[in-house]
Amino acid sequence: MHETSIAAGIISIVEEAASREGLGNVLEVEVEVGLLSLVDLESLRFALEVMSQGTLLEGAKVIFRVVEPMLRCNKCKAEWSVKREAVEGLDEASRLALHLYPEAVTRLFKCPKCGSMETEVVKGRDIRVSRLRAEEKNS
Ligand SMILES: [Zn+2]
């Protein structure tokens, strides 16, 4: 499952950051989730809960910040953001297409200005740890 490997990635990023900065247990972590990543937040939360056991992230409060995608038209250079409802309103087939071939995004959201399908994703595909609050290590 997709969410499991994302959770593993988040945990290793957090542990790396914590050891680099000499931090102890993580109290709170904020994760930015681009809507186009199509991650199921409930599954991700669950995966994090289970997989963080025994790590610095165990018991940490996880905050998800959903990022609306930003697209750019390669023809007229217009940039626009895709609303959350538009992504969540996609039918199953479109979601699957997006999941398997991220480039399918250009078929799903054409340029609102000139109608071109030559678009690219500026942001909204990534998942990243944006904030971290942890205890000082007292050893
Ligand atoms: Zn355009």
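Residues numbered from 1 in each chain as written. Predicted model: local features only at pLDDT ≥ 70, side-chain atom pairs only at ≥ 80, totals over all residues. Heavy atoms only, no water.

Go over the overall build of the protein with me, naming the residues and quoting the values.
In terms of helices and strands, the protein carries 5 helices and 6 strands. Dimensions of the protein along its principal axes, counting C-alpha atoms only, are 60 × 30 × 20 Å. With 139 residues in all, the protein has 37% of them scored as buried. Summing over all exposed atoms, the protein offers an accessible surface of approximately 8300 Å²; the carbon and sulfur share of this is 49%. Once the 19 positive and 23 negative side-chain charges of the protein are each reduced to a mean point, those two points are 8 Å apart. (Helix = DSSP H or I, 4+ residues; strand = E, 2+ residues; numbered from the N terminus. Buried < 20%, exposed > 50% of the residue type's maximum accessible area, 1.4 Å probe, protein only. Areas by Shrake-Rupley, 256 points an atom, 1.4 Å probe, with all protein chains shown as cover. Lys, Arg positive; Asp, Glu negative; His and termini not counted. Charge placed at Lys NZ, Arg CZ, Asp CG, Glu CD.)

Report on the domain arrangement of the protein, specifying residues and quantitative values.
Often, the extent of an interface is quoted as the loss of accessible area on bringing the components together. We note that the domain assignment places domain 1 (2-67 + 124-136) and domain 2 (70-123) within the protein. Inter-centroid distance (C-alpha atoms) of domain 1 to domain 2 is 27 Å. In this complex, domain 1 contributes 8 residues to the contact, which on the side of domain 2 involves 13 residues. Across the domain 1 to domain 2 interface the summed buried area is about 980 Å²; carbon plus sulfur atoms make up 71%. Taken together, the links from domain 1 to domain 2 amount to 0 salt bridges. (Domains from an automatic or database assignment. Contact = heavy atoms within 4.5 Å. Buried area = accessible area lost by both parts, 1.4 Å probe. Salt bridge = Lys/Arg side-chain N within 4 Å of Asp/Glu carboxyl O.)

Go over the coordination of the zinc ion with me, naming the residues and quoting the values.
The zinc ion binds to the protein through Cys73 (SG), Cys76 (SG), Cys111 (SG) and Cys114 (SG); the donor distances cover 2.3 Å. Seen from the zinc ion, its 4 donor atoms lie at angles of 106 to 115°, and the figure they make is tetrahedral. Within one chain, the residues donating to the zinc ion are spaced in sequence as C-x2-C-x34-C-x2-C. Taken together, the residues Cys73 in strand S3 (residues 70-73) and Cys111 in the loop between helix H5 (105-108) and strand S5 (119-123) connect sequence positions 38 residues apart. Residue Cys111 is classed as buried on the basis of its relative accessible area of 3%. (Donors = N, O, S within 2.8 Å, 3.2 Å for Na, K, Ca; no water. Tetrahedral: all angles 85-135°; square planar, octahedral: opposite > 155°, others 65-115°.)

Outline the sheet that holds strand S2 (residues 61-67), supporting the account with residue identities and numerical values.
Ordered in space as S2-S1-S6, the 3 strands form an open sheet in which the pairing is mixed. Either end of the sheet is taken by a strand with one partner, and the two such strands are S2 and strand S6 (127-136). For this sheet, the mean inter-axis angle between neighbouring strands, taken without regard to orientation, is 20°. In the sheet, strand S1 (residues 23-34) pairs with S6 via 8 bridges, with the strands oriented antiparallel. (Pairing = 2+ DSSP bridges. Axes fitted to C-alpha atoms, helices over the stretch in contact; angles between N-to-C directions.)

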